[in-house]
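A closer look at the structure
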Amino acid sequence: MRIGAIEAGGTKMVCGIGTPEGKIVDRISFPTEHPDITMPKVIAYFKDTKVEAIGIGTFGPINLKAGDRRYGSITTTPKPGWAHYPFLDQLRSQYDIPFGWDTDVNAAAYGESVWGAAKGLQSCMYYTIGTGIGVGIYSGGELVHGLVHPEGGHIPVRRHLADPYPGRCPYHQDCLEGMAAGPAVEDRWGQKAGDLPMDHPAWAIEAYYIAQAVTIAILMNSPEKVILGGGVMQQRQLLPLIQDEVKRSLNGYLQAEEITKRMEAYIVTPGLGQEAGLYGALALGLKAWEESRRNASI
Ligand SMILES: Nc1ncnc2c1ncn2[C@@H]1O[C@H](COP(=O)(O)OP(=O)(O)OP(=O)(O)O)[C@@H](O)[C@H]1O
Ligand SMILES: [Zn+2]
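The rules behind each value
- Residues numbered from 1 in each chain as written.
- Chains lettered and ligands numbered in written order.
- Predicted model: local features only at pLDDT ≥ 70, side-chain atom pairs only at ≥ 80, totals over all residues.
- Heavy atoms only, no water.
- Helix = DSSP H or I, 4+ residues; strand = E, 2+ residues; numbered from the N terminus.
- Expected span 1.5 Å × (residues − 1).
- Buried < 20%, exposed > 50% of the residue type's maximum accessible area, 1.4 Å probe, protein only.
- Pairing = 2+ DSSP bridges.
- Axes fitted to C-alpha atoms, helices over the stretch in contact; angles between N-to-C directions.
- Contact = heavy atoms within 4.5 Å.
- Near = heavy atom within 4 Å.
- Polar contact = N/O pair within 3.5 Å; in protein donor to acceptor, adjacent residues only side chain to side chain.
- Areas by Shrake-Rupley, 256 points an atom, 1.4 Å probe, with all protein chains shown as cover.
- Nonpolar A, V, L, I, M, F, W, Y, C, P; charged D, E, K, R; others polar.
- Domains from an automatic or database assignment.
- Buried area = accessible area lost by both parts, 1.4 Å probe.
- Parallel < 35°, antiparallel > 145°, perpendicular 65-115°, else oblique.
- Left-handed = near helix turned anticlockwise from the far one by under 90°.

Moving on: helix 3 (residues 104-115). Between its first and last C-alpha atoms helix 3 spans 16 Å; for 12 residues at 1.5 Å apiece the expected length is 16 Å, and the two agree. The element helix 3 is extensively covered by neighbouring structure, given that nine of its 12 residues are classed as buried. When we look at burial in helix 3, the residues that qualify are V105, N106, A107, A108, A109, Y110, G111, E112 and S113.

Here is the structure:
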């Protein structure tokens, strides 16, 4: 049996085909252009593949409200052609199979819980720190949806005392994303984040902001694992700085051994590496397939 996976990103659209055991057997990537250009390529890729379900993890914000007329669409985005685009309906009109639909970060959190760093756990949180900052929440064995979906990249943060940078979020200016996403690091220091030396003061400031978000995440959601992915986390020195900062800000309040003794195994990078999003989409497709089988047998 084959399951399809779509990781719809702001810059590229990755499509793949995988097995229920979590092996990706084929993949392809297209630039994310206007949907009139990109979607026909996505639809054509799955033709004749006999996939029995497709999972989609996408950039957002998206409509996840079950029963809503616009369920399955992208909502507000400055990306030309994508605002209110009925992503899921376009695929459904071509393929009469079950579909999984969620944010890219929820998909990644789910993929990590099935095959990655949070395997076997009932909860985890997944952050991507890249061009933007996104958060996926898996809790009590379910992905969290609600009013909309988690948007933890835009939480307010306390400013680092040595940081005069104004921030660059078009909505909030100095929210987490405005202060700590890759473009903010590059804007603040005037060079590519990947070119900043490991011992540059940028990384202590970066860790300070990310650690605030992670501290709030731990206190609010009590995840059994915190997973930090995205381009900025390629800076290996960041993870220990963040772990230390989280410990410092919790200041002994939480006595869980994951925090007091095993922090290096608690706040981690993705077990599925750069592929967490695509595997997450595969896992969502598999879940949709299983649910449709269950419903059919009732
Ligand atoms: N080696 C690196 N070190 C630090 N930062 C990096 C590195 N490589 C890329 N980045 C930063 O990561 C950002 C790109 O993030 P990522 O690779 O996660 O892409 P993306 O998928 O476009 O992001 P998003 O997850 O927000 O959609 C760039 O803005 C850059 O500032
Ligand atoms: Zn913001």
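Before going further, it helps to examine the sheet that holds strand 1 (residues 3-8). Across the sheet, which stays open at both edges, the five strands sit in the order 3-2-1-4-5 with mixed pairing between neighbours. Since the sheet does not close on itself, it has two edges, and those belong to strand 3 (24-31) and strand 5 (99-103), each with one partner. Taken over all neighbouring pairs, the strand axes of this sheet differ in orientation by 15 degrees on average, direction set aside. Docked against the sheet, helix 1 (residues 35-46) engages strand 1, strand 2 (12-18), strand 3 and strand 4 (54-58), running at close to 10 degrees with respect to strand 2. Each of strand 1, strand 2, strand 3, strand 4 and strand 5 is contacted by helix 10 (residues 276-297), which is oriented at about 135 degrees to strand 1, the strand it contacts most.

Another aspect to go through is the site of ligand 1. T131, G132, E186, G231 and Q235 are the nearest of the 15 residues found near ligand 1. At 3.3 Å from an oxygen atom of ligand 1 is found a side-chain nitrogen or oxygen belonging to T128. In the environment of ligand 1, an oxygen atom lies 2.7 Å from a nitrogen or oxygen atom belonging to the side chain of E186. Protein chains shield 67% of the accessible area of ligand 1, which is 640 Å² for the free molecule. Broken down by element, the residue count for the shell around ligand 1 peaks at three residues, all from helix 5 (residues 182-189). Residues that form the shell around ligand 1 fall into these classes: three nonpolar, 11 polar and one charged.

For the protein chain, the domain assignment lists domain 1 (3-106 + 274-297) and domain 2 (120-269). Interface area lost by domain 1 to domain 2 is led by L64, V105 and N106, which between them contribute 49%. The interface formed by domain 1 and domain 2 includes six residue pairs in polar contact (both at pLDDT 80 or more). Every element with two or more residues in the side of domain 1 that touches domain 2 is listed here: strand 5, helix 3 and helix 10.

Right, let's talk about the packing of helix 6 (residues 202-221) against helix 7 (residues 238-250) for a bit. Their axes nearest at 8 Å, the elements helix 6 and helix 7 cross at an angle of 55 degrees. The angle between helix 6 and helix 7 falls in the class oblique. For the element pair helix 6 and helix 7, the recorded crossing hand is right-handed. Within the contact between the two elements, helix 6 uses W203, A204, E206, A207, Y208, I210, A211, V214, T215, I218 and L219 and helix 7 uses L238, L241, I242, E245, V246, S249 and L250. Partitioning the contact of helix 6 with helix 7 into residue classes produces 14 nonpolar, two polar and two charged.

A word on the packing of helix 5 against helix 6. Each pair of packed helices can be summarised by the angle the axes make with each other and by the distance between the axes. The contact between helix 5 and helix 6 brings their axes to 12 Å, and the two run at 145 degrees. Crossing of helix 5 against helix 6: the hand is right-handed. Between helix 5 and helix 6, the residues in contact are V185, R188 and W189 and A202, W203, I205, E206 and Y209, respectively. Residues belonging to the contact of helix 5 with helix 6 are distributed by class as follows: six nonpolar, no polar and two charged.

Topologically, N221 is positioned in helix 6. By relative accessible area, N221 is classed as partly exposed at 31%. In this structure the C-alpha to C-alpha distance between N221 and E177, which are 44 residues apart in sequence, comes to 20 Å. Those residues in contact with N221 that sit more than four places away from it in its chain are M125 and I137.

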